[in-house]
Amino acid sequence: MAVASNGHRLQGEVEPLTLHEDRLFDPDPQVRRIARSLYEETRDLPLVCPHGHVDARMLAEDEPFPEPTALIVIPDHYIFRMLYSRGIPLEALGVPTRDGSEVEGDPRRIWQLFGENFYLFRGTPTGAWLAQELYEVFGVRQKLTGETAQRIYDEVAEKLASPEYRPRALFDRFGIEVLTTTDGAADTLEQHRTIRASGWDGVVLPCFRPDAVLRIALPGWSDELAALERVHGSPIADYAAFIAALEGRRAFFRSMGATSTDHGVLEPRTEYVPAEVADTLFQKARQGIATAEHQRRFEAHMLMEMARMSVEDGLVMQIHAGSLRDHNERVFQRFGSDKGADIPLATEYTRSLKPLLNAYGNDPRLTVVLFTLDESTYSRELAPLAGHYPAVRLGPPWWFHDSPQGMRRYREQVTETAGIYNTAGFNDDTRAFCSIPARHDVSRRMDADFLAGLVARHQVDLGDARAMARALAYDLVRETYRLENMRRPAPAGGVE
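Conventions used here
- Residues numbered from 1 in each chain as written.
- Predicted model: local features only at pLDDT ≥ 70, side-chain atom pairs only at ≥ 80, totals over all residues.
- Heavy atoms only, no water.
- Helix = DSSP H or I, 4+ residues; strand = E, 2+ residues; numbered from the N terminus.
- Rg over C-alpha atoms; globule rule 2.2 N^0.38 Å.
- Buried < 20%, exposed > 50% of the residue type's maximum accessible area, 1.4 Å probe, protein only.
- Contact = heavy atoms within 4.5 Å.
- Areas by Shrake-Rupley, 256 points an atom, 1.4 Å probe, with all protein chains shown as cover.
- Pairing = 2+ DSSP bridges.
- Axes fitted to C-alpha atoms, helices over the stretch in contact; angles between N-to-C directions.

*Asks:* Go over the overall build of the chain with me, naming the residues and quoting the values.
*Replies:* Each helix and strand in the chain was counted, giving 20 helices and eleven strands. In terms of overall size, the chain behaves like a compact globule, its C-alpha atoms giving a radius of gyration of 23 Å where 496 residues would be expected to give roughly 23 Å. With the C-alpha coordinates aligned to their principal axes, the bounding extent of the chain is approximately 75 × 60 × 45 Å. Looking at the chain as a whole, 54% of its 496 residues qualify as buried. For the chain, restricting intrachain contacts to residue pairs at least 6 apart in sequence, the fraction spanning at least 24 positions comes to 79%. Entry remark: accessible area of the chain is about 21,200 Å², with carbon and sulfur atoms responsible for 49%.

*Asks:* Residue-level account of the pairing of strand E7 (residues 316-321), with values.
*Replies:* Burial analysis of E7 places six of its six residues in the buried class, which makes it a mostly covered element. When strand E6 (residues 260-265) meets E7, the two strands line up parallel, connected through six bridges. The residue bridging Ser260 from the neighbouring strand is Val316, located in E7. Pairing of E7 with strand E10 (residues 368-372), which is carried by five bridges, proceeds in the parallel orientation.

*Asks:* So what's going on with the sheet that holds strand E2 (residues 176-180)? Residues and values would help.
*Replies:* Within the open sheet, the three strands sit side by side as E1-E2-E4. Their pairing is parallel. Each edge of the open sheet carries a strand with a single partner, namely strand E1 (47-49) and strand E4 (204-205). Note that E2 and E4 share two bridges and pair parallel. Along E4, the bridge assignment pairs Leu179 with Val204. Here helix H19 (residues 436-456) sits on the sheet in contact with E1 and E2, set at roughly 105 degrees to E1.

*Asks:* Report on the environment of Thr42, specifying residues and quantitative values.
*Replies:* Inspection of the secondary structure puts Thr42 in helix H1 (residues 29-42). For Thr42, a relative accessible area of 3% gives the class buried. Along the chain, Thr42 and Asp342 lie 300 residues apart, while their C-alpha atoms are 33 Å from each other. If sequence neighbours within four positions are ignored, Thr42 has contacts with Arg444, Ala469, Arg470 and Ala473.

Below you can see the structure in the form of structure tokens.
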């Protein structure tokens, strides 16, 4: 194989795309053999997707995907953050701007640029997911390069035009048992109504995420409150009315099949404040004078309230903490949020969650799933918390750590203190619909490999490892998110 001095394959040479059957398994023959046997028992289990960002509209309308670039490149910040880091403007990748100014509109040109720079993803989980997606979902058998980009574009585009590649057909083909979207407190869930009324038997559930109405110091908060008032059907003039509105929305989400809530916070700080103090903070927000410190205290109190509500209504509570959003102000101002500029922070859990866990953590009616971007907390804080409080489960490696080595570090640092049965199984947490099978496959392979190492070192026997592999791939996520008795939701028309 001839290689240029910059490491690129010389023009005219096309390398086949292959997926090794033992990828991600330990090179030691004994461990690899055990890992292969464990993986074979879990690889075809249904996919349970309890947290993610797939747009319900896609499955409600079930229209053909427009073309490869719009499906794979433009919506995926995992892709364009890497390309941007190498000096490729987001405009050149067709990422829409906030003011509607012109960006590259030719999908073939964007795909060509993507192909020419696909080598940047070597060794990354994004590269592994994309390779598996191209190979297994679209039947591509050549590596994506500048040389092959247009051929692969045509191949994928042809597939997308066929009925077998419509969203619902792929949902069924992927073996998805249930998929949960992420929805704001004021969302009418019209797309979910459409899905339920369609007669299709795919199970798509909403998840209640009230972050936008809790961030009282942000410029758009008054608009978010107005939207909440519209769906609530009456004014929200004080804190008591605000709480009543949130409780009403949670009940509506439950009527539409929701089993969980989600809370994205900078820090997992919790603090109970008296109702009159909470109302003072709320009134400052209504007057437009709430400060960052006011918001910090209000959010800390509202996490307590969300836990109280979950004890009462049974919704599983997820906390995603430790991401400093929109770090790159220039990108945020031009393109808005979720453009690859969110950066992890060091995060503290033990003191921050003590008020919440002392109030509700011993109550078996509560399940709170904790996620982190700070790996140093796995063994020091999170595993001890989950290994003690009945209400706590640990979410899987999240975002930057949703990777083969991130998964290994997680298992090695969590298992000895919390075991596996205080963890929440896997969730893919993605907008990239066609990458869902690959993400689950990576997790199942890495768990099989981790367990194979325990068997080879005689820490567990093969029978226990088989039960553990199934639990990690399927049983734990159903239990954690209260999906064990999951049924097709009732016909559309839940009461708001």
